[in-house]
Amino acid sequence: MSHTLGVRQAQKQKTRQALMDAALALLEEQSLSSLGLREVTRAVGVAPTAFYRHFRSTADLGVALVEEALGSLHPMIRTTVTSADSSGERIRRAVELIAGHVNAYPPHVRFIARERHGGVQPVREAIRDQLGRFADEVKAELAKDAEAEGWSDDDLLMLSHLYVDQMLITASLFLEALEASPEDRERVSRLATRQMRLISIGRHHWLE
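Just so it is clear, the structure is predicted and the values come from calculations on it, not from any experiment.

(A) Local environment of the environment of P182. Secondary-structure assignment places P182 in helix α10 (residues 182-205). By relative accessible area, which is 52% here, P182 ends up exposed. The spacing of P182 and T82 is 100 residues in sequence and 29 Å in space, taken between C-alpha atoms.

What follows is the structure, given as structure tokens:
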């Protein structure tokens, strides 16, 4: 009996993932607000009613895609920020992480970039919550630096949000350069590094 339940659960998870993959592919050409569940189920080859065994709505599916796109990044962000010898090392790691993630998961990055300010409120809120978590995690690591002495919690959080926002901008730049030449991608990397350095320089002089 338990084996049968295990097989059913595995099949259910497989169908759920197939629906998410199909939706992500369809969202390459449109926004979530215009996506119909029949489009998604047709792409997977299941009946429209099967959709509701996995998601309450397309908005619910969109929230699941946000978790898939951003949820796994939290450990990597913490690793990037912590244990660095200098702000330059942190910046280098961050730019490399972003470039690698964009190369590996361009549909996910494109989905987040489009839906961050899109027309589906639960998805906007899910993205905002994930970015808030990133900012809190960056803040916790920055607070450990000797340079954080004298900084208020509010100012450290403001700085963390600046870094997170810049990482999103960097991801968009790398996304636009996916089909570009190696030289163009290198220019994007240099620009992203300089932009983050500018934030870092401002940090050093903030308390003055």
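(B) Summary view of the nonpolar core. Grouped together as the largest cluster of nonpolar side chains are 57 residues, with contacts concentrated most on L65, V66 and F111. A per-element tally of this core places helix α9 (residues 153-176) first, with nine residues. Apart from the residues lying within four places of it in its own chain, the contact partners of V66 are G71, F111, I112, V123, A126, I127 and Q130.

(C) Fine view of the layout of surface pockets. Of the voids in this model, the largest pocket is the one considered here, and its volume is about 380 Å³. In terms of lining, the largest pocket is formed by 22 residues, of which the most central are L70, L73, M167, L168 and A171. For the lining of the largest pocket, the elements supplying multiple residues, two or more each, are α4 (58-70), α5 (73-81), α6 (87-104), α7 (106-115), α8 (121-142) and α9. No other element matches the six residues that α9 contributes to the lining of the largest pocket. Broken down by class, the residue content of the lining of the largest pocket amounts to 17 nonpolar, four polar and one charged.

(D) Summary view of empty space enclosed by the protein. According to the stated counting rule, one finds one cavity of 30 Å³ or more in the structure shown. In this model, the largest cavity occupies a volume close to 180 Å³. The wall of the largest cavity is formed by 13 residues, among which V81, R90, I91, L142 and Y163 lie closest to the centre. For the lining of the largest cavity, the element with the highest residue contribution is α6, accounting for four residues.

(E) Focus on the environment of I199. The topology assignment puts I199 in helix α10. Each C-alpha atom of the pair I199 and S152 lies 17 Å from the other, and the pair is 47 residues apart in sequence. Not counting chain neighbours up to four residues away, the residues in contact with I199 comprise L159, L162, Y163 and Q166.

So, how was this worked out
- Residues numbered from 1 in each chain as written.
- Predicted model: local features only at pLDDT ≥ 70, side-chain atom pairs only at ≥ 80, totals over all residues.
- Heavy atoms only, no water.
- Helix = DSSP H or I, 4+ residues; strand = E, 2+ residues; numbered from the N terminus.
- Buried < 20%, exposed > 50% of the residue type's maximum accessible area, 1.4 Å probe, protein only.
- Core = buried A, V, L, I, M, F, W, Y, C linked by side-chain atoms within 4.5 Å.
- Contact = heavy atoms within 4.5 Å.
- 1 Å grid on protein atoms, 1.4 Å probe; cavity = no way out; pocket = protein on both sides within 12 Å on 5 of 7 lines; lining within 4 Å.
- Points joined across faces, edges and corners; volume = space filled by probe spheres on them.
- Nonpolar A, V, L, I, M, F, W, Y, C, P; charged D, E, K, R; others polar.

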